[in-house]
Amino acid sequence: MNHSKTKILYLNLFLSLALSSCKDAKYSFLDLVGGTNKIALEEKAIKNEFNKKQKELKEKEDKDKADRLAKEEADRIAAEKAAKDESDKLEKEDADRKSAQEKADRLEKEEADRIAAEKAAKDEADRLAKEEENKLNTNAPEGMVGVLHGSFDMGSDNGESDEKPIHKVILTYSFYIGKNEVLQNEYQDLIKKTPSQFKGDNMPVETVSWFDAIRYCNEKSKKENLPIAYNEVTGDLLDSSGNVTTDITLVKGYRLPTEAEWEYAAKGGRYSKGYKYSGSNEHDEVAWYEGNSDSKTNKIGTKKPNELGIYDMSGNVGEWCTDWYEDKYKFGVSSNPYISNNKLYSRSIRSGAWDTKTELIRISNRSLLEPETSLSSIGFRLCKIAD
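What comes next is a walk through the structure. Just so it is clear, the model here is predicted, and its values are computed rather than measured. (Residues numbered from 1 in each chain as written. Predicted model: local features only at pLDDT ≥ 70, side-chain atom pairs only at ≥ 80, totals over all residues. Heavy atoms only, no water.)

**A short note on the overall build of the protein**
Check the secondary structure of the protein and you find 6 helices and 10 strands. Computed over its C-alpha atoms, the radius of gyration of the protein comes to 55 Å, more than 25% above the 21 Å expected for a compact globule of 387 residues. Each principal axis of the C-alpha distribution contributes one length, and for the protein these read about 180 × 40 × 40 Å. Looking at the protein as a whole, 38% of its 387 residues are labelled buried. Taking the contacts inside the protein whose residues are at least 6 apart along the sequence as the reference set, 69% of them involve residues at least 24 apart. With the model as given, the accessible surface of the protein reaches about 22,700 Å², and the carbon-plus-sulfur share is 53%. Within the protein, one finds 62 positive and 72 negative side-chain charges whose respective centroids are separated by 8 Å. (Helix = DSSP H or I, 4+ residues; strand = E, 2+ residues; numbered from the N terminus. Rg over C-alpha atoms; globule rule 2.2 N^0.38 Å. Buried < 20%, exposed > 50% of the residue type's maximum accessible area, 1.4 Å probe, protein only. Contact = heavy atoms within 4.5 Å. Areas by Shrake-Rupley, 256 points an atom, 1.4 Å probe, with all protein chains shown as cover. Lys, Arg positive; Asp, Glu negative; His and termini not counted. Charge placed at Lys NZ, Arg CZ, Asp CG, Glu CD.)

**A look at the sheet that holds strand β3 (residues 167-171)**
Ordered in space as β2-β3-β6, the 3 strands form an open sheet in which the pairing is mixed. At either margin of the open sheet sits one strand with a lone partner, and together these are β2 (150-154) and β6 (334-335). As judged from the 2 bridges shared by β3 and β6, these two strands associate in the parallel manner. In the sheet register, I170 faces β6, and the bridge partner there is S335. (Pairing = 2+ DSSP bridges.)

**Digging into the nonpolar core**
Counting residues in hydrophobic clusters, the biggest one holds 53 residues, and the most contacted among them are L256, W320 and F380. Apart from the residues lying within four places of it in its own chain, the contact partners of F380 are E181, V182, Y187, V205, V208, A213, Y216, L256, G318, E319 and W320. Judged by nonpolar contacts, the second largest core, of 5 residues, contains V286, A287, Y289 and I361. (Core = buried A, V, L, I, M, F, W, Y, C linked by side-chain atoms within 4.5 Å.)

**With respect to the environment of I77**
Among the structural elements, I77 can be located in helix α2 (residues 29-138). Sequence spacing of I77 and T172 is 95 residues, and the spatial spacing of their C-alpha atoms is 77 Å.

**Considering the pairing of β2**
Taking every second residue as pointing to the same face, the buried face of β2 carries G150, F152 and M154, while none of S151 and D153 on the other face is buried. Relative to β3, β2 is paired through 5 bridges, and the arrangement is antiparallel. Bridge pairing in β3 places G150 opposite L171.

**What about unusual backbone geometry?**
With omega at -5 degrees, the peptide bond leading from K164 into P165 counts as cis. Its location among the elements puts P165 in the loop between β2 and β3. Even without glycine at this site, S295 takes up a positive phi of about 60 degrees. Following the sequence through the fold, S295 ends up in the loop between α6 (283-286) and β5 (318-324). One non-glycine residue with positive phi stands out, namely D312, at about 60 degrees.

**Some remarks on the pattern of salt bridges**
Per the stated rule, a full pass over the model turns up 37 salt bridges. The salt bridge partner of K89 is E86, with a shortest N-O separation of 3.9 Å. Here K89 pairs with E86, and both are found in helix α2, just 3 residues apart, close to one helical turn. Residue E86 is classed as partly exposed on the basis of its relative accessible area of 38%. Two residues, E224 and K220, come together in a salt bridge whose shortest N-O distance is 3.2 Å. Judged by relative accessible area, which is 36%, E224 ranks as partly exposed. On the accessibility criterion, K220 (19% relative accessible area) is buried. (Salt bridge = Lys/Arg side-chain N within 4 Å of Asp/Glu carboxyl O.)

What is shown is where atoms sit, not what they do.
Shown next as structure tokens:
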């Protein structure tokens, strides 16, 4: 049955019912027809509203479904992105970890290579230094020890004001220094005098002035056919041609050590262990001083030597140096220093003596005397530049 026939049947049924129920009423046929039309319109409106609602409901369902699908797709894409981001993060972390490990391995290898290179360079430098030192000592004059060129920190911040400031000293040359202080019999053989107050075999010469000491140096140079080191009247240093010089490296004869040479040797040169006294931190091991000397000088070589095998650089007798005395050091690096200022009045003395207290036998301690002065606590040791 088609839709039109259905509508006609509904309409006939409706009219029959309406006529049947309105027989006793005073409604006209037109009223009945008008009501029928109104009902039809209302039915149409209801149906239109219903269809509209159905359409809206379907549209909403379609939209909700589309939104749900869109959200599901967005969630899927977000989940995939999050998974990819996490994967990328983990991959990057792994790459970073590998990179960091590779860098650490590279740095470790570089450090190992650097250490190995430094060790190889040091070993080679030590080998060459040892060869040079062996040659130096093979050619050393009798009774002298070779001191290889090098650098060190001179002075002390814990001592007297004239020991400051600590400063770097570079000695570009090697030299020889007496293994012991000059002995009385050695002085007697050359100078034909015995000035010492405490006489005895193997005892250091003392009661000698600075001028007495440089005279001995010159006499020893003459005996060995070397150029003399001093003008004995003025005290000036002389080069190998006999000209006055302040360049210590040009002086070829026997002489007194400079303060720098003396302190470098007393500290043990390249083998220094940083002792307070020359050869030890225990003064009684290496020094004759006020506390153990019995108020006199003692035989040389009876205490422990220092790192270079040199004796009595702390105590027994103080030792003249070739420098004029200045009451403080200069700041900065100093190369081959020699204090040549003849406007000063005193010469430098290093090492303590049999009559000094322990604080005065420290390696860095300095003292001074006018060069004409001679005391029973003052002697000297020889020095000579290596050829």
